[in-house]
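# Structural features, examined
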Amino acid sequence: MNLVRAELERLAARRFVQLMVVLLAAAFAVTVVTTLAGSHRPSPAELSRAQAQAAENVRQMEMTYDRCLRIREGSLPPGENDYLPRDCAQIDPAQIEELPSAADYLSGVFVFAKEAEPLLYFLIAFLTLFGFLVGASYIGADLNSGGVVNLLLWRPRRPAVLAAKLGTLLGGLLGLSVLASAAYLGAFWLIGQASGLVGRTGGDFWPSLGAIWVRGLMLVLLAAALGFAVATLGRHTSAALGTVAAYVVVWELGARLVFQMLEVGRPDRFMLSSYLAAWLSGEVRLWDNNACGPGISGYCDGSYTLTWTSGLVVLLGLTGALVAAAFTVFRRRDLI
Amino acid sequence: MSAVIEIAGLRKTFHTLRHGRRVAVDGFDMLVEAGQVHGFLGPNGSGKTTTLRALLGLVRPDAGRMRVLGADSPEHLPDVAGRVGAIVESPQFFANFTAHRTLRLLALAGGVPTARVDEVLEQVGLRDRGDERVKGYSLGMKQRLAVASALLKNPELLILDEPANGLDPAGIREMRDLTRSLAEAGVTVLLSSHILAEIQLICDHVTIVSRGRRVAYGPVEEVLAGFDQHQWRVRVADPEQAGQVLGRAGLSVAVAPDHLVVTGVEDPETISRTLGEQGVWVRELVPLRPDLESVFLELTGGHEHVAVPRQVDGAPPSDGVIDLDVRESREVDA
Ligand SMILES: Nc1ncnc2c1ncn2[C@@H]1O[C@H](COP(=O)(O)OP(=O)(O)OP(=O)(O)O)[C@@H](O)[C@H]1O
Ligand SMILES: [Mg+2]
């Protein structure tokens, strides 16, 4: 327990961690200020105009739908400019996910419900990068500065020391991420309340935002554990950075080109970025360029999907394997 | 006397890509008993640091048995780690932390009351500068901080690998006084150093290592006595003549321009009597005892190094006498 306390203090005292927290706070402040500056609370007149516009739009959609139905019935001849879907249900306003609302017709007004998702993605991206860099530099610098050796003279149990470090890192990061995202979304929600609109936050809104949030936090932790493991294996912070850079250049870019030249089917299957996207957004739809070759006639759907489960399995498997390797190597290694 | 450190048959080979195998410790044995101030001597690269690292569980030995305070190392090291304070080869500290924070974190991790931090900073003379970043410390200050970290636990056994590295003369003396007072308080100290005069002053026992093997060990006096050639320096008016007198009497003599060195005589009376009977009067008769340095160089094959600085000084490289000259001047220093 004391070990964890000491590690937490060590972590919080790191310049790099402090710098990143300051950066996060600065980015946060800048977005809040610019959002505040660019948003105002709509006047009743603006609001009613927007509502009227939205209502008008919905009415038009209903009319088009109605017209479609009647043309299909044959009770109305199609006009010259009519573009009609095969199945009128596709344009049934009752089945459309999101009908136009007043929020769409207000300019210069921040609408929380519309902006929350991209804002959250931005925060997750920042925290993921932060987690990776902190995870790598925390152990990397400690291995290099002799901090680990000093600590081992006090606590000669290597697995316990490394686990305390990793645990503290993940725990601290989780705490920071939860706080940061709560503060972040809370602040923007307040901006919506005070000088904009909150928008439609009913129904599916919070559950789906919550799902993105949970997946994002998981990603942040995975990135930190990955950075930690690779830096431990390579005995250096830069080992982690180098590995990521090498992976991106050699595999994501280089191997992708080679796959294309060799016309390997579905190269995206082999790319971590696909699984990353699948995990974050729930699923990704990818195209297989070779599926619809010249030999195939008729309708061909060359797409395939990667689900969040496969994303999770791949990311968790990779990180787990690297962390296990780091512990195994660290247990036996000569520490000079 | 209970054994505090026992090492038997320790062997460690490093494998490097470039140089292949390198045997650092090659069947090394050591025994340090409670209450000793034990000097650990050996030339550069002889395996001292590697031995200490293996003992403290930092490197994995290839063979051998080690016990610290009765616990097998490294398996049971955690049981006794709280009673062993150690610095191994100028430990590095995180440069951006202050000395105070560095020690505080160690104390926290090791379950030592953090109030101890100020005490040890005081002990090593860093109290006034404890709130500065380690980055701005001089070599000697870092070394003091290292010693402070080893003292933090109030250890029963203190292992110091070259603690005097980078210390100024006052610092070396402070370190000596500190070591002595710790020893008086009952702390067992294992000390490696290249400052042999210092070791001779502080330590009661030594282990000398060369190329990864122990070449001498025991109480300092005994180790030195083992190398005592019973030599005497004799000053007379005419060394040449006196040399002939002693030679005729069957003693082994080396003649220098202004004195004689007689070897292998236990009782100085033999010399003065032999000379007196022939009417040669002794002006001065001084025993030439080996010191740790000459024994060390003898044992570790560093003998030839002695002549080199003498030649630079411009002294004539007449063999044998030079070696003795060095010892003699040591005698005078001490
Ligand atoms: N990490 C390592 N990799 C390869 N060889 C090593 C390593 N550490 C030590 N050695 C080798 O082991 C031998 C013993 O080194 P060690 O540091 O134990 O010597 P030492 O007696 O402490 O020397 P010094 O008096 O200079 O401190 C040397 O030949 C050294 O080159
Ligand atoms: Mg050494």
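Quick caveat: nothing in here was measured; it's all calculated off a predicted structure. (Residues numbered from 1 in each chain as written. Chains lettered and ligands numbered in written order. Predicted model: local features only at pLDDT ≥ 70, side-chain atom pairs only at ≥ 80, totals over all residues. Heavy atoms only, no water.)

From N to C terminus, chain A includes 10 helices and four strands. Helices (α) and strands (β) of chain A occur, in sequence order from the N terminus, as α-α-α-β-α-α-α-β-α-α-α-β-β-α. The C-alpha radius of gyration of chain A comes to 26 Å, more than 25% above the 20 Å expected for a compact globule of 336 residues. Burial analysis of chain A (336 residues in total) assigns 41% to the buried set. Of the contacts formed within chain A by residues at least 6 apart in sequence, a portion of 76% connects residues at least 24 apart. A total accessible area of about 17,500 Å² is found for chain A, and carbon and sulfur atoms account for 64% of it. In chain A, the 26 positive side-chain charges and the 25 negative ones have mean positions that sit 16 Å from each other. (Helix = DSSP H or I, 4+ residues; strand = E, 2+ residues; numbered from the N terminus. Rg over C-alpha atoms; globule rule 2.2 N^0.38 Å. Buried < 20%, exposed > 50% of the residue type's maximum accessible area, 1.4 Å probe, protein only. Contact = heavy atoms within 4.5 Å. Areas by Shrake-Rupley, 256 points an atom, 1.4 Å probe, with all protein chains shown as cover. Lys, Arg positive; Asp, Glu negative; His and termini not counted. Charge placed at Lys NZ, Arg CZ, Asp CG, Glu CD.)

Turning to the sheet that holds strand E9 (residues 205-210) of chain B, a few remarks are in order. Residue and element names in this part refer to chain B. Read across the sheet, six strands follow the order E6-E7-E8-E3-E9-E10 without closing on themselves; strand pairing throughout is mixed. A strand with exactly one partner marks an edge of an open sheet, and here the two such strands are strand E6 (84-87) and strand E10 (213-219). Between one strand axis and the next, the sheet turns through 10 degrees on average, direction left out of account. Contacts between helix H11 (residues 292-299) and the sheet are confined to strand E3 (37-41), E9 and E10, with E9 contributing the most and set at about 30 degrees to the helix. (Pairing = 2+ DSSP bridges. Axes fitted to C-alpha atoms, helices over the stretch in contact; angles between N-to-C directions.)

In terms of nonpolar packing, the biggest core is built from 151 residues, with Ile5(B) and Ile159(B) touching the most fellow members. Considering every element that reaches this core, the biggest residue donor is helix H4 (residues 112-144) of chain A, with 17 residues. Setting aside residues no more than four positions away along its own chain, Ile5(B) makes contact with Met30(B), Leu31(B), Val32(B), Leu55(B), Arg67(B), Leu157(B), Ile159(B) and Leu190(B). Membership of the second largest hydrophobic core comes to 13 residues, among which are Val234(B), Val236(B), Ala242(B) and Leu246(B). (Core = buried A, V, L, I, M, F, W, Y, C linked by side-chain atoms within 4.5 Å.)

Using the criterion set out here, one finds 11 aromatic pairs over all chains in the structure. On the numbers, 5.4 Å between centres and 40 degrees between planes, the contact of Phe259(A) with Phe270(A) is tilted. Placement of the pair is Phe259(A) in helix H8 (residues 237-262) and Phe270(A) in the loop between H8 and helix H9 (272-281), with a sequence separation of 11 residues. By relative accessible area, which is 15% here, Phe259(A) ends up buried. Here Phe270(A) falls in the partly exposed class, since its relative accessible area comes to 37%. Each residue in the set Phe28(A), Phe110(A), Tyr184(A) and Phe188(A) is aromatic and connected to the rest through ring pairs, giving one cluster. The aromatic ring of Phe97(B) is capped on one face by Arg101(B), whose charged end is 5.6 Å from the ring centroid. Its guanidinium or amino end placed over the ring of Tyr217(B), Arg214(B) lies 3.6 Å from that ring's centre, counting from NZ or CZ. (Phe/Tyr/Trp six-rings, centres within 6.5 Å; stacked < 30°, edge-to-face > 60°. Lys NZ or Arg CZ within 6 Å of the ring centre and 35° of its normal.)

Now for the UniProt feature "domain: ABC transporter" (unreviewed entry) in chain B. The feature "domain: ABC transporter" (unreviewed entry), as annotated in UniProt, sits at residues 5-236 of chain B in this numbering. In residues 5-236 of chain B, the share of helix is 32% and the share of strand is 31%. The end C-alpha atoms are 51 Å apart. (UniProt positions renumbered as here; feature names shortened; annotations may be inferred.)

This part takes up the layout of surface pockets. Residue and element names in this part refer to chain A. Approximately 750 Å³ is the volume found for the largest pocket. In terms of lining, the largest pocket is formed by 25 residues, of which the most central are Phe132, Leu226, Val244, Leu272 and Leu276. Those elements that place two or more of their residues in the lining of the largest pocket are H4, helix H7 (205-234), H8, H9 and helix H10 (308-332). Of the residues forming the lining of the largest pocket, the biggest block, seven residues, is contributed by H8. A breakdown of the residues in the lining of the largest pocket according to their chemical character gives 20 nonpolar, four polar and one charged. (1 Å grid on protein atoms, 1.4 Å probe; cavity = no way out; pocket = protein on both sides within 12 Å on 5 of 7 lines; lining within 4 Å. Points joined across faces, edges and corners; volume = space filled by probe spheres on them. Nonpolar A, V, L, I, M, F, W, Y, C, P; charged D, E, K, R; others polar.)

Further remarks concern the pattern of salt bridges. This model, assessed by the stated rule, comprises 28 salt bridges over all chains. In this structure, the salt-bridge partner of Glu252(A) is Arg256(A), at a minimum N-O distance of 3.1 Å. With a gap of four residues between them, Glu252(A) and Arg256(A) both fall in helix H8, about one helical turn apart. For Glu252(A), a relative accessible area of 8% puts it in the buried group. Linking Glu284(B) and Arg235(B) is a salt bridge whose minimum nitrogen-to-oxygen distance equals 2.9 Å. (Salt bridge = Lys/Arg side-chain N within 4 Å of Asp/Glu carboxyl O.)

Around ligand 1 there are 16 residues in total, and Gly45(B), Lys48(B), Thr49(B), Thr50(B) and His194(B) lie nearest to it. Ligand 1 is flanked by residues contributed from chains A and B. Here an oxygen atom of ligand 1 sits 2.6 Å away from a polar atom, N or O, in the side chain of Thr49(B). Notes on ligand 1: free accessible area 630 Å², of which the protein chains cover 76%. Contributing elements (two or more residues each) for the shell around ligand 1: strand E1 (3-16), strand E2 (20-33) and helix H1 (48-55) of chain B. Ranked by residue count, the leading element in the shell around ligand 1 is H1(B), at three residues. A per-class count over the shell around ligand 1 returns four nonpolar, eight polar and four charged. (Near = heavy atom within 4 Å. Polar contact = N/O pair within 3.5 Å; in protein donor to acceptor, adjacent residues only side chain to side chain.)

All names here are of chain B. Pairing within the open sheet is antiparallel, and its four strands lie in the order E12-E13-E11-E14. The open sheet terminates on both sides in strands that have one partner only, identified here as strand E12 (252-255) and strand E14 (284-288). Adjacent strand axes in the sheet meet at a mean angle of 25 degrees, parallel and antiparallel pairs treated alike. Sheet topology note: the E12/strand E13 (residues 260-263) ladder contains four bridges and is antiparallel. If you follow Ser252 over to E13, its bridge partner there is Thr263. Each of E12 and E13 is contacted by helix H9 (residues 239-248), which is oriented at about 170 degrees to E12, the strand it contacts most. Against the sheet, helix H10 (residues 268-277) contacts strand E11 (231-235), E13 and E14, and its axis sits at roughly 30 degrees relative to E11.

Right, let's get into empty space enclosed by the protein. Using the criterion set out here, one finds six cavities of 30 Å³ or more in the structure. Estimates place the volume of the largest cavity at around 100 Å³. Along its surface, the largest cavity is lined by 13 residues, and Arg10(A), Gly147(A), Asn150(A), Phe93(B) and Thr102(B) are the ones closest to its centre. Those elements that provide at least two residues to the lining of the largest cavity are helix H5 (147-154) of chain A together with helix H3 (99-110) of chain B. Tallied by class, the residues present in the lining of the largest cavity amount to six nonpolar, five polar and two charged. Of the voids in this model, the second largest cavity is the one considered here, and its volume is about 90 Å³. As for the second largest cavity, its lining consists of Pro163(B), Ala164(B), Ile172(B), Met175(B), Arg176(B), Thr179(B), Leu191(B), Ser193(B), Ile195(B), Glu198(B), Ile199(B) and Ile202(B). Of all the elements in the fold, those that place two or more residues in the lining of the second largest cavity are helix H6 (169-184) and helix H7 (196-202) of chain B. Here the residues of the lining of the second largest cavity sort into eight nonpolar, two polar and two charged.

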